[in-house]
Amino acid sequence: MTSQQPWIIVGYVNVLPVVKEFAPGSVIVIDEPDVIRNRDLKSALDGAVMLRELIGWEYQLPGAADEFFATYPDLDPALIAPLLEYATPFAARLAERYGLPGAGAGAAQVMRDKALLRKVTSAAGIANPASQEVGSAEQVREFAAAHPGSLVLKPANRQASVGTRVLHSLDGLESVWQDCLTQDEGYLVPDRERELRMLVEQYVRGEEFSVELLVREGEVLFSNVTGKLLYPGDRPIELGHSVPAAGLAPELGELLVAETGRVLRAVGFGSGMVHCEWIVSEGVPYLVECAGRFPGDGIPMLIEEAYRINLAAEFYTVMQGGRPAPLPREAAGGAAVRFVQAEPGEVVSVTGVEEARALPGVLSLSLHLEPGQTVRPLRSSWDRAGSVMTRGATPEEALANAAAVTAAITVRTAG
């Protein structure tokens, strides 16, 4: 136990026990009691020198942050940081209660709700696809009659492309509707039933990007544009990312960063990391969604590699009210991540992994499939079979390296 002010982290991620910015005995981890039990987080954190306390709290329920503050009024944390999508409203409100930097409870609530985000940013003049909340397949048909063309059906309040489908026709719509309502996030979410609200939207065809910003009291301290690749098919799940975006024209990069700044002003975002997704069609960026947290899919590590910065350390400085030294505007190199493709079924064999590790530019390779295990059908980001991160002198080279590594790996499945 340490006498220093604790750092509160909301939502467990696997890298927490080895984050070098955490002093011994400094970190309080808050997570849902069901998640703590189902993921066996007590064992995962056993021996983690940074841990001060693991607190089970139903943080996704209304009023949870205020109840926590009333229970621990003298905790006096140095910072509060959300590391998961579902943790952002709780962390923002808790930061307000303890008088610490954060997104702001209002901003976090709008950004967590895709329907609200559409309304607010559309009112601010930011390009959004036509969108409507729906409660049945029939309401999807009514929307389609008013908005001809392909559609996207997705939840307003979920993550990781769970329950999301692109509809190029309305054939079998009732079956698709039921499929989108079936959302399995496993041990990552609490056991209790959670509200589900669905959106239907016009499908925007174009190149996909995300913008990552480090923001202090509304001021952008660092920006990056990430390029996206998607798996083929009707589920918009990322196959890979390049940092910075491969082949990105400088003027488009500047436009994407500027539009993300407009989103933050529209919602009133304060301090923290932002991950905002866009589709560019005929030169116009259309907002997909925007989250007040670190991006997933290893993008923070790609940023650190490409820009030669410690993004996590700069973030924690901001969340304590400090100001980092000036951060680079241009990347020093490129980095990429690509996810392994494998047919669903029982794994028969996995070959080429060691050869793949020896290929140029490999930063990490994560593939834990063994014969007898099962590759699940690709329904969300959680179902991807593995990933590789690579570096290169340019993002294009890093992306090519990643493609070569995944091509060297063969996962044979049956059934």
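Attention here is on the structure that accompanies the text. (Residues numbered from 1 in each chain as written. Predicted model: local features only at pLDDT ≥ 70, side-chain atom pairs only at ≥ 80, totals over all residues. Heavy atoms only, no water.)

Notes on the overall build of the protein
- A tally of helices and strands in the protein yields 13 helices and 19 strands.
- Relative to the compact-globule value of 22 Å for 415 residues, the protein shows a C-alpha radius of gyration of 21 Å, a close match.
- The buried share of the protein, reckoned over its 415 residues, is 53%.
- Element-wise, carbon and sulfur atoms account for 50% of the exposed surface of the protein, whose accessible area totals about 17,900 Å².
- Taken as two groups, the 35 positive and 53 negative side-chain charges of the protein have centres that lie 1 Å from each other. (Helix = DSSP H or I, 4+ residues; strand = E, 2+ residues; numbered from the N terminus. Rg over C-alpha atoms; globule rule 2.2 N^0.38 Å. Buried < 20%, exposed > 50% of the residue type's maximum accessible area, 1.4 Å probe, protein only. Areas by Shrake-Rupley, 256 points an atom, 1.4 Å probe, with all protein chains shown as cover. Lys, Arg positive; Asp, Glu negative; His and termini not counted. Charge placed at Lys NZ, Arg CZ, Asp CG, Glu CD.)

A look at the sheet that holds strand 12 (residues 272-281)
- Taking strand neighbours across the sheet as the criterion, the eight strands line up as 13-12-9-10-11-14-18-16 in an open arrangement whose pairing is antiparallel. Looking at strand neighbours, the two that pair on one side only are strand 13 (284-291) and strand 16 (362-367), the edges of this open sheet. The sheet shows a mean angle of 20° between the axes of neighbouring strands, direction not considered.
- Note: strand 9 (residues 207-216) against strand 12, nine bridges, orientation antiparallel. Each residue of the ladder has a partner; that of V211, found in strand 12, is C276.
- Contacts from helix 10 (residues 299-307) reach strand 9, strand 10 (219-230), strand 11 (238-243), strand 12, strand 14 (334-339), strand 16 and strand 18 (386-392), with the element oriented near 25° to strand 11. (Pairing = 2+ DSSP bridges. Axes fitted to C-alpha atoms, helices over the stretch in contact; angles between N-to-C directions. Contact = heavy atoms within 4.5 Å.)

A closer look at the pattern of salt bridges
- Taken as a whole and assessed by the stated rule, the structure comprises 24 salt bridges.
- Ionic pairing is found between D179 and R379, a salt bridge with its closest N-O pair at 2.6 Å. One end of the pair, D179, is in helix 8 (residues 173-181); the other, R379, is in the loop between strand 17 (374-375) and strand 18, and 200 residues separate them in sequence.
- As a salt-bridge pair, R391 and E305 come within 3.1 Å of each other at their nearest N and O atoms. In this pair, R391 is assigned in strand 18 and E305 in helix 10, connecting sequence segments 86 residues apart.
- A relative accessible area of 38% means that R391 is categorised as partly exposed.
- Among the ionic contacts, a cluster of salt bridges with common partners joins R165, D179, D234, R235 and R379. (Salt bridge = Lys/Arg side-chain N within 4 Å of Asp/Glu carboxyl O.)

So, the sheet that holds strand 5 (residues 131-134)
- The strand order 5-8-6-7 describes an open sheet built from four strands, whose pairing is antiparallel. Looking at which strands have only one partner, the edges of the open sheet turn out to be strand 5 and strand 7 (165-167). Going across the sheet, the axis of each strand differs from the next one's by a mean of 25°, ignoring polarity.
- Packed onto the sheet, helix 8 meets strand 5, strand 6 (151-155), strand 7 and strand 8 (198-202) and runs at close to 165° relative to strand 7.

Some points on empty space enclosed by the protein
- Going through the model one piece at a time under the given rule, you end up with two cavities of 30 Å³ or more.
- Looking at the largest cavity, it is lined by 18 residues, and the ones nearest its centre are P82, A103, S271, G292 and M319.
- Contributing elements (two or more residues each) for the lining of the largest cavity: strand 4 (79-82), helix 4 (88-98), strand 12 and helix 11 (311-319).
- A per-element tally of the lining of the largest cavity places helix 4 first, with four residues.
- Of the residues in the lining of the largest cavity, the class split is 12 nonpolar, five polar and one charged. (1 Å grid on protein atoms, 1.4 Å probe; cavity = no way out; pocket = protein on both sides within 12 Å on 5 of 7 lines; lining within 4 Å. Points joined across faces, edges and corners; volume = space filled by probe spheres on them. Nonpolar A, V, L, I, M, F, W, Y, C, P; charged D, E, K, R; others polar.)

Re the packing of helix 7 (residues 137-146) against helix 8
- In contact at an axis separation of 9 Å, helix 7 and helix 8 are set at 115° when each is read in the N-to-C sense. Two packed elements cross with a definite hand, and for helix 7 against helix 8 that hand is right-handed. Between helix 7, through A137, V140 and R141, and helix 8, the contact on the second element is made entirely by L173, E174 and W177.
- Here the contact of helix 7 with helix 8 is composed, by residue class, of four nonpolar, no polar and two charged. (Left-handed = near helix turned anticlockwise from the far one by under 90°.)

Overview of helix 7
- Taken residue by residue, helix 7 has A137, V140, F143 and A144 as its buried positions. Taken end-on, helix 7 shows its buried residues confined to a sector of 110°, consistent with a single buried face. Opposite its buried face, helix 7 presents the exposed residues A145 and A146, each directed more than 90 degrees away.
- Packing partners of the buried residues in helix 7 comprise strand 5, strand 6, strand 7, helix 8 and strand 8. (Arc of directions from axis to C-beta.)

A short note on the packing of helix 5 (residues 105-112) against helix 6 (residues 114-123)
- Where helix 5 contacts helix 6, the two axes come as close as 5 Å, and the packing angle between them is 110°. The angle between the axes of helix 5 and helix 6 places the two elements in the roughly perpendicular class. Here helix 5 contributes Q109, V110, M111 and R112 to the contact with helix 6, which in turn contributes K114, L116, L117 and V120.
- Of the residues in the contact of helix 5 with helix 6, the class split is five nonpolar, one polar and two charged. (Parallel < 35°, antiparallel > 145°, perpendicular 65-115°, else oblique.)

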